[in-house]
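# Analysis of the macromolecular model
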Amino acid sequence: MTTTFLRHELKAFWRSKNTGKSIAIRVVMVFMILYLLLCVLAMGFFLNEILEKTFPHDDVVVSFCGIILLYFLVDLFMRLQLQELPTLRVQPYLQLPVKRNSLVRYLALTALFSVFNLWPFILFVPFIVRIVASDSGSLAALAFVVSIAGLTAFNNYFALYLKRKSNLNGWIFLVAAGLIVLVGLGDFYWHFYSIRNISFLFFGHLINHPALALVPVGIGVVMYYLNFAYLRKNLYLEELGSRKAGKYKSSTEYPLLNRFGSVGDLAANELKLILRNKRSRSALIMGLFFLFYGLIFYTNHHYGEGWKIFVGMFMTGIFIISYGQFMYSWQASHFDGLLVSKINFSDFLKAKYLLFTIVSTGFFLLTTPYVYFGWRVLLIHFVMFLWNIGVNTTMVLFFANRNYRRIDLSKGAAFNWEGVSGNQWILSLPLVITPYIIYGPLAFFGHANLAVAILCIIGILFLVTRSFWIKQLEADFYTKRYTIAEGFRNK
Amino acid sequence: MIEIKDLKKSYNGVTVVNVPHLEIKQGESVGLVGNNGAGKTTLFRTILDLIRPDSGEVLLNGENVAGHENWKNYTASYLDEGFLIDYLTPEEYFYFIGGLHQFNRAHVDDYLSGMADFFNGEILKKGKYIRDLSKGNQCKVGVVSCLLQNPELLMLDEPFANIDPSTQFRLKSLLKDLNKMKGVTTLVSSHDLNHITDVCDRILLMEKGKIIKDIATNSSTLNELEEYFGVGQIIGTATALRE
């Protein structure tokens, strides 16, 4: 059965309207992954030497045991942001004589095909073979490999479980990510405890008592079944679709937006779209997660000012990047309706600008407490905020004219995920790189202030010339409207 | 009102719409019938400038729909649920559509109160988003949002398909009323031959993208259509008697 599902999914991939775009993204991804793989492989082989350099006073096996848990903590954090959820359009199979368990098993098994599950082995196994096996015998080495496999499985399913949960409720993601950051800060910033000591406590004993390897395997298995049970429980149309007998839905109004006339009406509609659909709401809430980025980067003095540009842009503009990515697709299900109603497309665009400006302003205000790390931080945040609402909004809308993929908001989120994953970040690469094209060379030659000033001026310039860009985007849209509408009709 | 010239659209070499010439005059009520895949919806979409034709053009009031937007001022249409903004409550949606035509809320409320019969207590003040309504009730929202716009041209694609029998009769009298009293040009497609011959004065029969029959409705139209569609069936007694 699993192979049948795989074949169906492959067909869905190849026969989709967006195959070309998906392949291009995948090719870029594959190259990045290969590059990272080589880096990790090199690290794995020289782990012995690296550890000796980093912790010159400790025995190399002790420091090795110390970093394992630390690695898995970082791994979990990265998985939360980047790992993709395996998907399957389950609905057509539900009424057929297909066992529910085989549907769920398919989802659970394909989840293992992730590069994230390769990293720990590439990184740790060379060291285990070289050092642990020769020092403490092959049984201890086997125990290490088994423990690492168990922890990998645990992280894999735990991250997916959290992601599935947070699809339904974005706050879960936020809390989980916040907790991981807090655990990290507790060690490295506040020094309450040492993760390395805890890690050594377990792996140090593992050398003498290989049977302990069953503990990580146990939690891995438990996590697998938790995930399995959760998926199985959610295989009902009610959870898949939106047709739930919920509480009374009342009409809402945003008096602030009424002032903007028909543009305000459109913006109000889109705000309702965001707040009333699980997926778009999650995109907004996960934006809040990026407000933690400052804590990670500003507390560490290794990161220079270049990072502030990056962090400032992300914190004030994450909504533009993550929501804007899928622009127009959010409205795919009623795009035909929009096209035939009496809506001026330039009003439609103005509404998008208005929405982005409002939300980004909100995010900028939320980042103001970072002034604790100096006024310059706030200044850079403000410059990047201007850049976001000036340049990035326009770029996002430019890409929106080239996006033909339908998003079905009415589908439940647990099995339908196009939110935070590696692929998404590839698409946002142009947005992230552009400010560095200006900042990088100038800062390199010591004109950082000038660079910030130029970024600021360009941001303001784009803001002032908005109506010009709207005209360009409108003309561009009219050449692509049929393709967009057709893509959105393609379910 | 509507003029179609040399309209052609094909997908992968299969012609789905091929209409050399069609003219629909102001105030006509036209029904479109045809089996699945005959090209009815594609024709509707080309008229509404949602699909780019391979060749030819559609003129509404003498103006090409592609590249112009004036037609949106007097045309209202409902083809499928894809025309509704489904995360809004029906009220919000009606206010939005009304707002596009510069109607204030009082005006919209006033209009909706006149539709109470048609809604049959299922739509307003139910505390549901449009996506939570059944298909039939969504259709009601779509139809009423069309009427609210006070159009000169009304286009509905299979409006009778999902609604209950009572609503079907109400919709028929609404359509007749609009056409006869207000002079609205209507273009309606349906698979229900009884309804369509009852409502429309002119029937267009489509097959494989072509309009193969263009009939002014009279007492024998229904039989004529039944004869066409009733492949391999024993034709109704009325036809048999006449022959």
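## Considering the overall build of chain A
A tally of regular secondary structure across chain A gives 24 helices and zero strands. Its C-alpha radius of gyration of 25 Å places chain A within 12% of the 23 Å reference for a compact globule of 491 residues. Out of the 491 residues belonging to chain A, those deemed buried represent 37%. Excluding contacts between residues fewer than 6 apart, the proportion of contacts in chain A whose partners are at least 24 apart in sequence is 83%.

## Re the overall build of chain B
For chain B, the count of helices and strands is nine helices and ten strands. Its C-alpha atoms put chain B at 55 × 45 × 35 Å along the principal axes.

## So, the interface of chain B and chain A
With 28 residues of chain B at the interface, the matching set in chain A holds 25 residues. The element that contributes the greatest number of residues to the side of chain B that touches chain A is helix α2 (residues 90-100) of chain B, accounting for six residues. Classifying every residue of the side of chain B that touches chain A gives 13 nonpolar, seven polar and eight charged.

## Details of the pairing of strand β6 (residues 75-78) of chain B
In the case of a regular strand, side chains alternate between the two sheet surfaces. Residues and elements named next belong to chain B. Here β6 shows no split at all, with Thr75 and Ser77 on one side and Ala76 and Tyr78 on the other all buried. Relative to strand β7 (residues 153-157), β6 runs parallel, the two being bridged by four bridges. By the bridge assignment for β7, Tyr78 is matched with Leu156.

## Remarks on the pairing of strand β9 (residues 202-207) of chain B
All names here are of chain B. In terms of strand pairing, strand β3 (residues 29-33) meets β9 through four bridges, oriented parallel. Its bridge partner being in β9, Gly31 is matched across the sheet by Ile203. Linking β9 to strand β10 (residues 210-216), which pair antiparallel, is a turn of two residues; within it Lys208 sits at a positive phi near 45°.

## Observations concerning helix α20 (residues 375-400) of chain A
Because each turn of an α-helix spans 3.6 residues, side chains separated by three or four positions end up pointing in the same direction. Relative to the 38 Å expected for 26 residues at 1.5 Å per residue, α20 of chain A spans 35 Å between its end C-alpha atoms, a close match to the ideal helical length. Its axis deflected by about 40° at Asn388 of chain A, α20 of chain A carries its strongest bend there.

## Some details on unusual backbone geometry
Residue and element names in this part refer to chain B. One non-glycine residue, Asn120, lies in positive phi territory at about 55°. Of note, Lys125 is a non-glycine position whose phi angle comes to about 55°, a positive value. Inspection of the secondary structure puts Lys125 in the loop between α4 (116-119) and α5 (135-148).

## Describing the environment of Ile24 of chain B
Residue and element names in this part refer to chain B. Structurally, Ile24 can be placed in strand β2 (residues 14-24). In sequence terms Ile24 and Thr75 are 51 residues apart; their C-alpha atoms lie 14 Å from each other. Not counting the four nearest positions on each side in its chain, Ile24 is found in contact with Met1, Ile2, Val30, Thr185 and Leu187.

## Observations concerning the sheet that holds β2 of chain B
All names here are of chain B. Spatially, β2-β1-β4-β5 is the arrangement adopted by the four strands of the open sheet, whose pairing is antiparallel. Only two strands of the sheet have a single neighbouring strand rather than two, namely β2 and β5 (63-64). Bridge count for strand β4 (residues 55-60) against β5 is two bridges, and the pairing is antiparallel. Residue pairing in the sheet places Leu59 in a bridge with Asn64 of β5.

## Quick word on the domain arrangement of chain A
Taken domain by domain, chain A consists of domain 1 (2-10 + 21-240) and domain 2 (256-489). The distance between the C-alpha centroids of domain 1 of chain A and domain 2 of chain A comes to 31 Å.

## Focus: the domain arrangement of chain B
By a widely used convention, the size of an interface equals the accessible area lost when the partners come together. Residues and elements named next belong to chain B. Partitioning chain B into domains gives domain 1 (1-74 + 151-231 + 239-243) and domain 2 (82-148). Taken over C-alpha atoms, the centre of domain 1 sits 24 Å from the centre of domain 2. Counting residues at the interface gives twelve residues for domain 1 and nine residues for domain 2. Breaking the side of domain 1 that touches domain 2 down by element, the ones donating at least two residues are β7 and α6 (165-182). For the side of domain 1 that touches domain 2, the leading source of residues is α6, giving five residues. Within the side of domain 1 that touches domain 2, the residues separate by chemical class into seven nonpolar, three polar and two charged.

## Thoughts on helix α14 (residues 261-276) of chain A
In this model α14 of chain A runs 22 Å from its N-terminal to its C-terminal C-alpha over 16 residues, within 8% of the 22 Å that 1.5 Å per residue would give. Regarding α14 of chain A, the residues found buried are Val263, Gly264, Asp265, Leu266, Ala267, Ala268, Asn269, Glu270, Lys272 and Leu273 of chain A. On the buried face of α14 of chain A, the contacting elements are α13 (255-258), α15 (278-289) and α19 (345-367) of chain A together with α2 of chain B.

## Comments concerning the sheet that holds β3 of chain B
Residues and elements named next belong to chain B. Reading across the sheet, the six strands line up as β6-β7-β8-β3-β9-β10 and stay open at both edges, with mixed pairing between neighbours. Each edge of the open sheet carries a strand with a single partner, namely β6 and β10. Going across the sheet, the axis of each strand differs from the next one's by a mean of 15°, ignoring polarity. Against the sheet, helix α1 (residues 40-47) makes contact with β3, β7, β8 (185-189) and β9, and its axis sits at roughly 150° relative to β7, the strand it touches most. Along the sheet face, α5 touches β6 and β7 and points at about 180° away from the line of β6.

## Here we look at the confidence of the model for chain A
Residue and element names in this part refer to chain A. Of the residues in chain A, 90% have a pLDDT of 70 or more, and the chain-wide mean is 83. Counted against residues more than four places away or in other chains, residues 240-245, with its pLDDT under 50, gives 14 contacts. pLDDT under 50 marks residues 412-420. Its contacts with residues more than four places away, or in other chains, come to 29 contacts.

## Side note on the nonpolar core
In this structure, Ile47, Tyr93 and Val188 of chain B are the most contacted members of the largest nonpolar core, which totals 174 residues. In terms of residue count, α20 of chain A provides more of this core than any other element does, twelve residues in total. Ignoring anything within four residues of it in the chain, the contact list for Ile47 of chain B reads Ile2, Val58, Val65 and Met155 of chain B.

## Remarks on the packing of helix α17 (residues 305-324) of chain A against α19 of chain A
When two helices pack together, their arrangement is captured by the angle between the axes and the distance separating the axes. Residues and elements named next belong to chain A. Two numbers describe how α17 lies on α19: the axes approach to 8 Å, and their chain directions differ by 150°. Relative to α19, the element α17 is oriented roughly antiparallel. Crossing of α17 against α19: the hand is right-handed. Contacts between α17 and α19 pair Met315, Thr316, Gly317, Ile318, Phe319 and Ile320 from the former with Phe356, Val359, Ser360, Phe363, Phe364 and Thr367 from the latter. Residue composition of the contact of α17 with α19, by class: eight nonpolar, four polar and no charged.

Conventions used here
Residue numbers restart at each chain and count upward from 1, following the sequence in its written direction. Throughout, the order in which chains and ligands are written sets their labels, letters from A for the former and numbers from 1 for the latter. The predicted origin of the model limits local features to residues at a pLDDT of at least 70 and limits the giving and counting of side-chain atom pairs to 80 or more, whereas totals for whole chains, interfaces and linings rest on all residues. In this description a helix means any DSSP run of H or I spanning at least four residues, a strand means any run of E spanning at least two, and both kinds are numbered starting from the N terminus. C-alpha atoms define the radius of gyration, and 2.2 Å times the number of residues to the power 0.38 defines the globule rule. The burial label depends on the number of other C-beta atoms within 10 Å of a residue's C-beta. Counts of 20 or more mean buried, 12 or fewer mean exposed, and intermediate counts mean partly exposed, with C-beta atoms placed from the backbone. Each residue gets a C-beta atom placed from its backbone, and two residues are in contact if those atoms lie within 7 Å. Residue type decides the class: Asp, Glu, Lys and Arg count as charged, Ala, Val, Leu, Ile, Met, Phe, Trp, Tyr, Cys and Pro as nonpolar, and the leftover types, Gly among them, as polar. Here, a strand pair is defined by DSSP locating no fewer than two bridges between the strands. A helix is expected to span 1.5 Å for every residue after the first. What we call the bend at a residue is the angle made by axes fitted to the seven residues finishing there and the seven residues starting there. Throughout, the edges of the domains are those of an automatic or database domain assignment. For helices, the fitted line uses only the C-alpha atoms of the stretch in contact; every axis is such a line through C-alpha atoms, and the angle between N-to-C directions lies from 0 to 180 degrees. Every residue is assigned a pLDDT by the predictor, reflecting its confidence on a scale from 0 to 100. What we call a nonpolar core is a set of buried Ala, Val, Leu, Ile, Met, Phe, Trp, Tyr and Cys residues whose membership is set by joining through C-beta atoms within 7 Å. Working definition: roughly parallel below 35 degrees, roughly antiparallel above 145 degrees, roughly perpendicular at 65 to 115 degrees, and oblique for all remaining angles. Crossings are assigned a handedness: left-handed for a near helix turned anticlockwise from the far helix by less than a right angle, right-handed for a clockwise turn.

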